[in-house]
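Given next are the chains, with one letter for each unit.
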Amino acid sequence: MSATSSRTSRRLLAAVLAAGAVIGAAALPASAADGDRNARAPRVEISAVQYDSPGRDDRSNRSLNREWVELTNTTRRSVDLDGWTLEDEDGHTYTFEGYRLPGRATVRIHTGVGRDTRTDLYQDRRNYVWDNRSDTATLRNDRDRFIDDESWGNDRHGHHGGGNHHHGDRH
């Protein structure tokens, strides 16, 4: 091998290694950003809210139980909700006691009185919680850290009766 071809080989190898380093450095922030995005995504989220129970609002237990909030575990692992809270804007708070939400499962939290099951929990209230015109359901973990919320109403960023989600780590 001549000195010229050896020098050319070394330059070519250096260029390949430099290109690999540049590609690796460019890929690193993208994967780190994906990791951050996944870290912020809630494991449990408010997936649906029925804030205006169908039919007449006559405060019957049947009507109260047609008002509900659904939570969904978006991961494969179960999540212990013991000590977590679900609260409205007026401070009505439901605290989960001894409940574990299985992976990829949904639980419905009804306002009225009932017998808790794996898929349905009851706040055992005699009055409505969720305001039909506008309100916000806020989910916090057992350390009082914000997990998710769902808002509705005329004054909610132009969504009438729609929902606005805010996931993340707000206090």
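Reading the values: rules and limits
- Residues numbered from 1 in each chain as written.
- Predicted model: local features only at pLDDT ≥ 70, side-chain atom pairs only at ≥ 80, totals over all residues.
- Heavy atoms only, no water.
- Helix = DSSP H or I, 4+ residues; strand = E, 2+ residues; numbered from the N terminus.
- Buried < 20%, exposed > 50% of the residue type's maximum accessible area, 1.4 Å probe, protein only.
- Lys, Arg positive; Asp, Glu negative; His and termini not counted.
- Salt bridge = Lys/Arg side-chain N within 4 Å of Asp/Glu carboxyl O.
- Polar contact = N/O pair within 3.5 Å; in protein donor to acceptor, adjacent residues only side chain to side chain.
- Contact = heavy atoms within 4.5 Å.
- Core = buried A, V, L, I, M, F, W, Y, C linked by side-chain atoms within 4.5 Å.
- Phe/Tyr/Trp six-rings, centres within 6.5 Å; stacked < 30°, edge-to-face > 60°.
- Lys NZ or Arg CZ within 6 Å of the ring centre and 35° of its normal.
- Pairing = 2+ DSSP bridges.
- Axes fitted to C-alpha atoms, helices over the stretch in contact; angles between N-to-C directions.

**Structural notes on the side chain of D120**
- Within the fold, D120 resides in strand 8 (residues 120-122).
- R108 provides the closest opposite charge to the buried, salt-bridge-free D120, at an N-O distance of 5.0 Å.
- At 2.7 Å, the side chain of D120 and the side chain of H110 are in polar contact.
- At 3.1 Å, the side chain of D120 forms a polar contact with the side chain of T119.
- Setting aside anything within four residues of it in sequence, one finds D120 in contact with V107, R108, H110 and R115.

**Things to note about the nonpolar core**
- Among the nonpolar cores identified, the biggest contains 24 residues, and L71, L81 and F96 are the most heavily contacted of them.
- At the level of secondary structure, the elements contributing two or more residues to this core comprise strand 1 (44-50), strand 2 (68-73), strand 7 (106-110), strand 9 (134-140) and strand 10 (146-153).
- Ranked by residues supplied to this core, first place goes to strand 1 with 3 residues.
- Leave out the neighbours within four places in its chain, and F96 touches L71, L81, D82, G83, W84, T85, L86, I109, L121 and L139.

**Structural notes on the packing of aromatic side chains**
- A complete count under the given rule lists 3 aromatic pairs for this structure.
- Ring centres of Y51 and W152 lie 4.5 Å apart, and the angle between their planes is 5 degrees; this geometry places the pair in the stacked category. Here Y51 is found in the loop between strand 1 and helix 2 (61-65), whereas its partner W152 is found in strand 10, with 101 residues between them in sequence.
- Residue classification places Y51 among the buried positions, given a relative accessible area of 15%.
- The exposure class assigned to W152 is buried, which follows from its relative accessible area of 1%.
- Consider the rings of Y94 and F96, whose centres lie 5.0 Å apart with planes at 80 degrees: the pair is edge-to-face.
- Take Y94: its relative accessible area is 11%, and that puts it in the buried class.
- Members of the aromatic cluster, each reached through a chain of ring pairs, are Y51, W130 and W152.
- Lying across the ring of W68, R108 places its NZ or CZ 3.7 Å from the centre.

**So, the sheet that holds strand 8**
- Sheet architecture is open: 4 strands sit in the order 1-2-7-8, paired in mixed fashion. Whereas interior strands pair on both sides, the edge strands pair on one side only; in this sheet they are strand 1 and strand 8. Within the sheet, the average angular offset between the axes of one strand and its neighbour, ignoring direction, is 25 degrees.
- Two strands pair when backbone bridges link them, and strand 2 and strand 7 are joined in this way by 5 bridges, in the antiparallel orientation. Directly across from E70, in strand 7, lies its bridge partner R108.

**Remarks on the environment of W152**
- Taking C-alpha positions, W152 is 9.3 Å from V49, a pair spaced 103 residues apart along the chain.
- Side-chain polar atoms of W152 contact the backbone oxygen of D131, separated by 2.8 Å.

By themselves these figures say nothing about function.
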